[in-house]
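# Understanding the architecture of this molecule
The residues making up each chain are set out below.
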Amino acid sequence: VSESITDVLGYTKNEFLKDMQTHLTDNAVNQLVVEKTNQSLAGFQQDSYRLEIYHNNGSKCWLEVTETPRFNNKGKVIAVDGIAKDITEQLRIDNLISDSQTILFYWKAEEDWPVEHLTENISQFGYSTTDFTSGKIKFAEIIHVDDLKRIFKEVSVNTKEHIDRYMQQYRIYTSTNEVRWIDDRTVIERDVDGNPTYYLGTITDITEQKLAEDELR
């Protein structure tokens, strides 16, 4: 455990290690913690998992944990390296957005915009979150073929010109190949050198609005 535990949960390193299990809440999700760690100790790489834990001030926090077994030259597990990320605020925002029609996306600034995170209400278009986060579907693949070239160009220009907040409207395909119009509001996140790292955006279905506009023409 690194000293950064104080910044995340308010404990000193010694306080946290004294009896880590007592810091876990009674949330049922925590029943997986020991099982996941035991599997890592047995040499099996586990998917990231979430746990709920008490902050030193008594509040509850959510962590996303990734554990990786470390082996010696004989193939024996000698340690488990773990990385814990505080996702409390992320989940709070997700819960707020999931109660609405607006979908939150977190795209990597890479080819075809692979999705690192999105909210569960993507289900309104017939998809699951894992369809995208697993890489099974790339976001660019659901953009309407007649809009894709324009969207690529606009994103490229905005990124190069440091236009870090922008809006786009375009069509996407649902899982059943139905065409829907969306309003996309995006913020570009950059590293200290100004290179794009992520696109944080919200998309909202505006199909009914578009149909109404067509009727008025």
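Here's a quick rundown of the structure. Just so it is clear, the structure is predicted and the values come from calculations on it, not from any experiment. (Residues numbered from 1 in each chain as written. Predicted model: local features only at pLDDT ≥ 70, side-chain atom pairs only at ≥ 80, totals over all residues. Heavy atoms only, no water.)

### Comments concerning the pairing of strand 8 (residues 196–205)
- Relative to strand 8, strand 4 (residues 103–108) is paired through 6 bridges, and the arrangement is antiparallel. Note on strand 8: the bridge partner recorded for Lys-108 is Tyr-198.
- Sheet analysis places strand 7 (residues 179–190) next to strand 8, joined by 9 bridges and oriented antiparallel. Its bridge partner lying in strand 8, Asp-184 is registered against Ile-203. (Pairing = 2+ DSSP bridges. Helix = DSSP H or I, 4+ residues; strand = E, 2+ residues; numbered from the N terminus.)

### Topic: the environment of Leu-41
- Mapped onto the secondary structure, Leu-41 falls in helix 3 (residues 32–41).
- Judged by relative accessible area, which is 47%, Leu-41 ranks as partly exposed.
- Setting aside its immediate chain neighbours within four residues, Leu-41 contacts Val-77 and Val-80. (Buried < 20%, exposed > 50% of the residue type's maximum accessible area, 1.4 Å probe, protein only. Contact = heavy atoms within 4.5 Å.)

### Details of helix 3
- Regarding helix 3, the residues found buried are Val-33, Lys-36 and Ser-40. Seen along its axis, helix 3 keeps its buried residues to an arc of 75°; they face one direction.
- In this structure, the buried residues of helix 3 make contact with strand 1 (49–54), strand 2 (60–71) and strand 3 (77–86).
- Positive backbone phi, approximately 100°, marks Gly-43, located one or two places after helix 3. (Arc of directions from axis to C-beta.)

### Comments concerning the nonpolar core
- Judged by nonpolar contacts, the single largest core of 24 residues is most densely connected at Phe-105, Trp-113, Phe-132 and Phe-139.
- Put simply, the parts of the chain that give this core at least two residues each are strand 4, strand 5 (115–118), helix 6 (139–142), helix 7 (145–160), strand 6 (165–173), strand 7 and strand 8.
- Non-local contacts of Trp-113, meaning those with residues more than four positions away in its chain, are made with Trp-107, Lys-108, Phe-139, Ala-140, Ile-143, Ile-151, Phe-152, Val-155 and Tyr-199.
- One finds Ile-5, Leu-24, Ile-53 and Val-65 within the second-largest nonpolar core, a separate group that totals 12 residues. (Core = buried A, V, L, I, M, F, W, Y, C linked by side-chain atoms within 4.5 Å.)

### So, helix 7
- Its 16 residues give helix 7 an end-to-end C-alpha distance of 24 Å, which sits within 8% of 22 Å, the value for a rise of 1.5 Å per residue.
- All buried positions along helix 7 are accounted for by Asp-147, Ile-151, Val-155, Asn-158 and Thr-159. One face of helix 7 carries all of its buried residues, which in axial projection span an arc of 95°. In helix 7, the exposed residues that point more than 90 degrees away from the buried face are Asp-146, Lys-149, Lys-153 and Lys-160.
- Packed against the buried residues of helix 7 are strand 6, strand 7 and strand 8.
- Downstream of helix 7 by one or two residues, His-162 has phi in the positive range, about 55°. (Expected span 1.5 Å × (residues − 1).)

Purely spatial values, then, with no claim about function.
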